[in-house]
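# Residue-level structure breakdown
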Amino acid sequence: MHTKAHLTRGIPAILLLGSSSLLAQGVMAQGFVEDSSATLSTSNIYFNRDFREGDGQSKREEWAQGFILNVKSGFTPGTIGFGLDAQAMLGLKLDSSPDRTGTGLLPTHDDGRAANEYSKLNLTAKARMSESTLLVGSLLPKLPTLNPNTSRILPQTFEGGMATINEFDNLSISLGRLTKAKDRNSTDAEDITSNNKNQRFGGSFEADHFDWVGLDYQFIPSLAGRYHLAQLDDIYRQHFVGLTHQLALGEGSLKSELRVSVSEEQGAAQAGDIDNQAWQGLFSYALGGHKFGFNLQKMRGDNAFPYIDGSNPVLANFVQINDFAEAGQRSAQVRYDYNFADQGLPGLSFMSRYTKGDQAELVAGGEGKDWERNTELQYVIQEGPLENLGLRWRNASYRSSYARDVDENRLIVSYSLPIW
């Protein structure tokens, strides 16, 4: 079994070397260079999470700077075009202390101190034929069954291969296999693990790979549907079905989305039996610069919603701190967004939402309740020498009958500079 696992994990590296060899032969070919681009993105984040009660660390507070140089090639000419993308990432500590680590901005050493700096180099070989593409190497797949975490100075990334097939009218097919994960504040490629909220079994369960296949179909311009099947090897299998509808209503627009995810144990079931159905409804009405939203989410079955450790679960009520995804939990969210462009201030936006949950079936017994309030204010400069400079404040308060109460603030300064 060890031999098979090593061979499986070596496939992306072999394909990457093979693709790189082909690229070297046509590196100056028309399209490869002419269609290339490079962008430097920076993110400066001050993160403060204050635990209002309970035992243990009372505060997580750090300040860090991230840089991402993203270089994308075009494709070589021919029936099959080849290309290569590269991401160079650097994270720098600006302020930290052993009693305030754990924000996700920086790695923490064994002595409890945050790293002064850390860096990553991600390479992705790519091929294109007709309207379809193949990617092998470092990936950030955005799927209804897996959404990498990009909320800190550097993103969570995965290693593996994925294909997107767009050869049929109104239908997109995606499939792939991931074999390793790099957390947002880590340089190490490690086995993919489940978040394991089913604490009755304890521990961290590692998988050899994560596989998926997905179908996205546009029935008519106003109605789209999708079905995705994903599997974390020997841990869980998850089905996702979603429908999205747009409707002009009065002078505004009504968007409705219905989702259901059904999860069960798979293979050797290392995390034990898994039984979860996540039912979700998302509704929003946009009128001028205003947008009003209402989300409903209900967990059914014996277990909490399973997802990849460190990732952002695709749930209607996954918000800044909490996911409202405990076994049996019911939650509702009200949300308001405003775009100040209508007031002559393009680039300025505001968001406020309140989410309340109850009926959470706790592993220790009993029923839990909680709520979370989020507020965001963001401004992105639209023109001039500081174009694309973004300023953002994110505030959250979380209160719970079964988890620690939290107040949180994040101050973010971002900038994106196209190099060519």
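One can find the structure itself at the top, above this paragraph.
The shown structure was predicted, so the numbers you read here are calculated from the model rather than taken from an experiment. (Residues numbered from 1 in each chain as written. Predicted model: local features only at pLDDT ≥ 70, side-chain atom pairs only at ≥ 80, totals over all residues. Heavy atoms only, no water.)

### Describing a nonpolar patch on the surface
Nonpolar side chains collect at one region of the surface, where Tyr217, Phe219, Ile220, Leu243, Leu258, Phe283, Phe294, Leu296, Val334 and Tyr354 lie side by side and expose about 870 Å² of accessible area between them. Counting residues per element, the ones that place at least two in the nonpolar patch are strand S10 (210-220) and strand S15 (290-300). At three residues, S10 tops the list of elements feeding residues into the nonpolar patch. (Patch = residues over 30% accessible without salt bridge, like charges linked within 9 Å, V, L, I, M, F, W, Y side chains within 5 Å. Areas by Shrake-Rupley, 256 points an atom, 1.4 Å probe, with all protein chains shown as cover. Salt bridge = Lys/Arg side-chain N within 4 Å of Asp/Glu carboxyl O. Helix = DSSP H or I, 4+ residues; strand = E, 2+ residues; numbered from the N terminus.)

### Quick look at the nonpolar core
If you look at the biggest cluster of nonpolar residues, it comprises 19 residues, and the most contacted ones within it are Leu178, Ile192, Phe210, Leu232, Ile235 and Ile308. For this core, the elements supplying multiple residues, two or more each, are strand S6 (157-168), strand S7 (171-182), S10 and strand S11 (223-232). Dropping the residues within four chain positions of it, Leu178 is found in contact with Leu139, Pro141, Leu146, Phe158, Glu159, Gly160, Ile192, Asp208, His209, Phe210 and Trp212. Residues Ile45, Ala64, Leu105 and Tyr118 belong to the second largest nonpolar core, which totals twelve residues. (Core = buried A, V, L, I, M, F, W, Y, C linked by side-chain atoms within 4.5 Å. Buried < 20%, exposed > 50% of the residue type's maximum accessible area, 1.4 Å probe, protein only. Contact = heavy atoms within 4.5 Å.)

### Some remarks on the pairing of strand S16 (residues 330-339)
Across nine bridges, S15 lies against S16 in antiparallel orientation. When the bridges of S16 are listed, Asn295 appears paired with Gln333. Here ten bridges tie S16 to strand S17 (residues 348-361), and the two strands are oriented antiparallel to one another. When the bridges of S17 are listed, Ser331 appears paired with Gly357. (Pairing = 2+ DSSP bridges.)

### As for the packing of aromatic side chains
Summed over the entire model, instances satisfying the criterion amount to six aromatic pairs. Between Phe210 and Trp212, the ring centres sit 6.3 Å apart and the planes meet at 35 degrees, which makes this aromatic pair tilted. For the pair Phe210 and Trp212, one class covers both residues: buried. Their ring planes at 35 degrees and their centres at 5.8 Å tell us that Tyr354 and Trp371 sit as a pair that is tilted. Note that Tyr354 is positioned in strand S17 and Trp371 in strand S18 (residues 367-380), a separation of 17 residues in sequence. (Phe/Tyr/Trp six-rings, centres within 6.5 Å; stacked < 30°, edge-to-face > 60°.)

### A few points about the pattern of salt bridges
This model, assessed by the stated rule, comprises 18 salt bridges. The shortest N-O distance in the salt bridge between Lys72 and Asp85 comes to 3.8 Å. Of this pair, Lys72 sits in strand S2 (residues 59-72) while Asp85 sits in strand S3 (residues 80-95); the two residues are 13 residues apart in sequence, bridging distant segments of the chain. Overall, the relative accessible area of 38% leaves Lys72 in the partly exposed class. Across the pair Asp95 and Arg100 runs a salt bridge, and its minimum N-O distance is 3.3 Å. By relative accessible area, Asp95 is classed as partly exposed at 32%. Exposure remark for Arg100: the relative accessible area of 15% places this residue in the buried category. Among the charged side chains, a network of salt bridges with common partners joins Asp50, Arg52, Arg399 and Asp407.

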